[in-house]
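The primary structure of each chain is shown beneath.
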Amino acid sequence: MIADNAWLDGLIRMGAIALAMPLSVIILTYLERKISGRLQQRLGPMRVGPYGILQGLADTIKLLTKEDLRPQTADRWTFELAPFAVMVPVFLAFVTLPFTADLFVRNLELGLFFIIAVSGVSIVGFVMAGWGSDNKYALLGGARAAAQLISYEIPLVLAVVAVAMIAYTPEAGRGSLNLVEIVDGQGRVPFIVWQPLAFFIFLVAGLAELYRQPFDIPVAESEVVGGPFIEYSGIRWSMFQMAEFVSMVLISVLASLLFLGGWNWPLGNGAGIALQVPLIFVKTSFFILLFIWLRFSLPRLRIDQMMQFCWQVLLPFALLQIIINGWVLVYGWPDWTLGVSSGALTLVAGYLTYRAARQAAEQPVSPRLHRVGSVM
Amino acid sequence: MIQDLFADYVAVLIAAILGFLLVGGALMGNYILAPRQASRAKSLTYECGMLPIGRSRTQVHFRYYLFAILFLIFDIEAVFLFPWAVTFLDIGKAAFYEMLFFILILGFGLLYAWKKGVLRWK
């Protein structure tokens, strides 16, 4: 504890996070624009400051001094409270997210469950934004956001349960929801080796939860013109943008904690405190770069493909992963059976995805999908 | 132990308050700094530059509700899975087979929905 008083201690730690968050969003926005420029063989922002590094600051000032518009017909309170409903849950998730063995706000015993529980509340905010704006595109975008986010939440949660089942602590044995214990349990071997299928499901479902390309169906500019955020402007809009980037950090940190061994070396335990921060930083950056890279590499999925992939591929395989984990643990089989079975299932899932993608590429779009309104 | 729990969830309460202050502060800064000049055209609903046509609160397709119902079922299953995942080894094989049975029932439910064509976005 920094201070003896729990209130003061919590306030100092959360205050540090509250300060770091807008800063990291500014840096991430700049990085994303630079990397996307590089990927598309252009320079990206170059005007504000050397190599455009002050671009994020300029954007912040511009958004802060922009007129805040609210359509006349909008539902006032739903419209104005939606940014709170999206941003606050994401912020809450950082209460229990550990960055190193000692660097966290609070190490909740039910940390993993807490993160899953609070981050699910954001969905309400998207529906509120969609409904409150009194705009056709916003309403459609809100409905799409609800459908996509709730669907992909289930495989995400089940993948997380699979990890919680095999987490090992010397005192309590198998099974833990405490994030520090989960990371300590992967001392020798990170869980990506034992649970490649859960990792694959977590990564895809996490990407869908971030509604980034190729899963940007709720906010697709060419379909619903920005979706739920269409009527928002200025700083009110940037709250949604901030929530998106912060949840990108959240998912990346979570993925490196759960599957890549967090602040441990890839195949060893106990990196010193000076090395823990760089280790988790590198692992998190890897996921963030991957998300940015995928954004400019993959075309957007159609909404029917997206929903079918979730319910017909990810969900059954996530359930299988849990059953296999339970089976191996109950009968006390050695750990490598987990890795082998999960790896084999990953190959099957990958093959099914590949076959479905090939079929979709070869078949023409059914005429029913061309009809106005049927892909909405 | 109780004291620990108190300290833990005090942090959650503080985080909730700070979160509201963060968003509220940004909106307040915007309120102070930004110009305001309301006009009729500005406060019209955006519809790609045209005047809005018809009602905006259009209906959405019923399949959204079907997916919402499916989500409810599987999310409740996930709520049951969390406590089971951390304790089933202590209880023994019976706990595993009971959960297997539960997952299988839901799996057949999913299969039924699949065969009925609910999962197909047609």
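Just so you know, these numbers come straight off a predicted model, no measurement behind them. (Residues numbered from 1 in each chain as written. Chains lettered and ligands numbered in written order. Predicted model: local features only at pLDDT ≥ 70, side-chain atom pairs only at ≥ 80, totals over all residues. Heavy atoms only, no water.)

Describing the overall build of chain A
The helix and strand inventory of chain A stands at 15 helices and two strands. Against the globule reference of 21 Å for 376 residues, chain A gives a C-alpha radius of gyration of 21 Å, in line with a compact fold. Taken along the three principal axes of its C-alpha coordinates, chain A extends 60 × 60 × 45 Å. Burial statistics for chain A: of 376 residues in total, 58% are counted as buried. Taking all contacts inside chain A whose residues are at least 6 apart in sequence as the whole, residues at least 24 apart take part in 75%. Total accessible area on chain A stands at roughly 15,500 Å², and carbon and sulfur atoms take up 68% of it. Within chain A, the 24 negative side-chain charges are centred at a point lying 10 Å from the centre of the 25 positive side-chain charges. (Helix = DSSP H or I, 4+ residues; strand = E, 2+ residues; numbered from the N terminus. Rg over C-alpha atoms; globule rule 2.2 N^0.38 Å. Buried < 20%, exposed > 50% of the residue type's maximum accessible area, 1.4 Å probe, protein only. Contact = heavy atoms within 4.5 Å. Areas by Shrake-Rupley, 256 points an atom, 1.4 Å probe, with all protein chains shown as cover. Lys, Arg positive; Asp, Glu negative; His and termini not counted. Charge placed at Lys NZ, Arg CZ, Asp CG, Glu CD.)

Some thoughts on the nonpolar core
In a soluble, globular protein the nonpolar side chains are often hidden away together inside. Membership of the largest hydrophobic core comes to 151 residues, with the highest contact counts inside it found for Phe202(A), Leu258(A), Trp311(A) and Trp84(B). Per-element tally for this core: the top contributor is helix H6 (residues 136-166) of chain A, with 18 residues. Both domains that furnish three or more residues to this core are identified here as domain 1 (2-43) and domain 2 (62-116) of chain B. Each residue touching Trp311(A), except ones within four places of it in the same chain, is listed here: Ser151(A), Ile154(A), Pro316(A), Phe67(B), Leu70(B), Phe71(B), Phe74(B), Leu110(B) and Leu119(B). (Core = buried A, V, L, I, M, F, W, Y, C linked by side-chain atoms within 4.5 Å. Domains from an automatic or database assignment.)

A look at unusual backbone geometry
All names here are of chain A. A cis amide bond links Gln213 to the next residue, Pro214, at an omega of 0°. Tracing the backbone through its elements, the reader meets Pro214 in the loop between helix H9 (196-209) and helix H10 (221-224). Phi at Asp134 takes a positive value of approximately 55°, unusual for a residue other than glycine. Mapped onto the elements, Asp134 comes out in the loop between helix H5 (122-132) and H6. The phi angle at Tyr211 is positive, at roughly 40°, despite the residue not being glycine. Tracing the sequence through the fold places Tyr211 in the loop between H9 and H10.

Focus: the interface of chain B and chain A
In this assembly, 68 residues from chain B lie in contact with 84 residues from chain A. Of the roughly 7,100 Å² buried where chain B meets chain A, counting both sides, 75% is carbon and sulfur surface. Of all residues in chain B, the largest losses of buried area upon contact with chain A belong to Arg57(B), Phe82(B) and Trp121(B), amounting jointly to 11% of the total for that side. Of the charged contacts in the structure, one is a salt bridge between Asp8(B) and Arg106(A), with a shortest N-O distance of 3.7 Å. Applying the counting criterion to the chain B and chain A interface returns seven residue pairs in polar contact (both at pLDDT 80 or more). Mapped by element, the contributors of at least two residues to the side of chain B that touches chain A are helix H1 (2-33), helix H2 (63-91) and helix H3 (93-115) of chain B. Tallying contributions element by element places H1(B) first for the side of chain B that touches chain A, with 22 residues. Here the side of chain B that touches chain A is composed, by residue class, of 46 nonpolar, ten polar and twelve charged. (Buried area = accessible area lost by both parts, 1.4 Å probe. Salt bridge = Lys/Arg side-chain N within 4 Å of Asp/Glu carboxyl O. Polar contact = N/O pair within 3.5 Å; in protein donor to acceptor, adjacent residues only side chain to side chain. Nonpolar A, V, L, I, M, F, W, Y, C, P; charged D, E, K, R; others polar.)

A few points about the layout of surface pockets
By volume, the second largest pocket is sized at about 1,100 Å³. Taken together, 40 residues line the second largest pocket, and the ones lying closest to its centre are Thr29(A), Trp237(A), Ser238(A), Gln241(A) and Phe245(A). Mapped by element, the contributors of at least two residues to the lining of the second largest pocket are helix H1 (6-39), helix H2 (55-64) and helix H11 (234-258) of chain A together with H1 of chain B. It is H11(A) that contributes the most residues to the lining of the second largest pocket, nine residues altogether. By residue class, the composition of the lining of the second largest pocket is 21 nonpolar, nine polar and ten charged. (1 Å grid on protein atoms, 1.4 Å probe; cavity = no way out; pocket = protein on both sides within 12 Å on 5 of 7 lines; lining within 4 Å. Points joined across faces, edges and corners; volume = space filled by probe spheres on them.)

Focus: the confidence of the model for chain A
All names here are of chain A. Looking at chain A as a whole, the pLDDT averages 85, with 94% of positions reaching at least 70. The least confident element of chain A, judged by mean pLDDT, is helix H15 (residues 367-370) at 54; the most confident is H9 at 92. The low-confidence segment residues 372-376, where pLDDT is below 50, has twelve contacts with residues more than four positions distant or belonging to other chains. (pLDDT = per-residue confidence, 0-100.)

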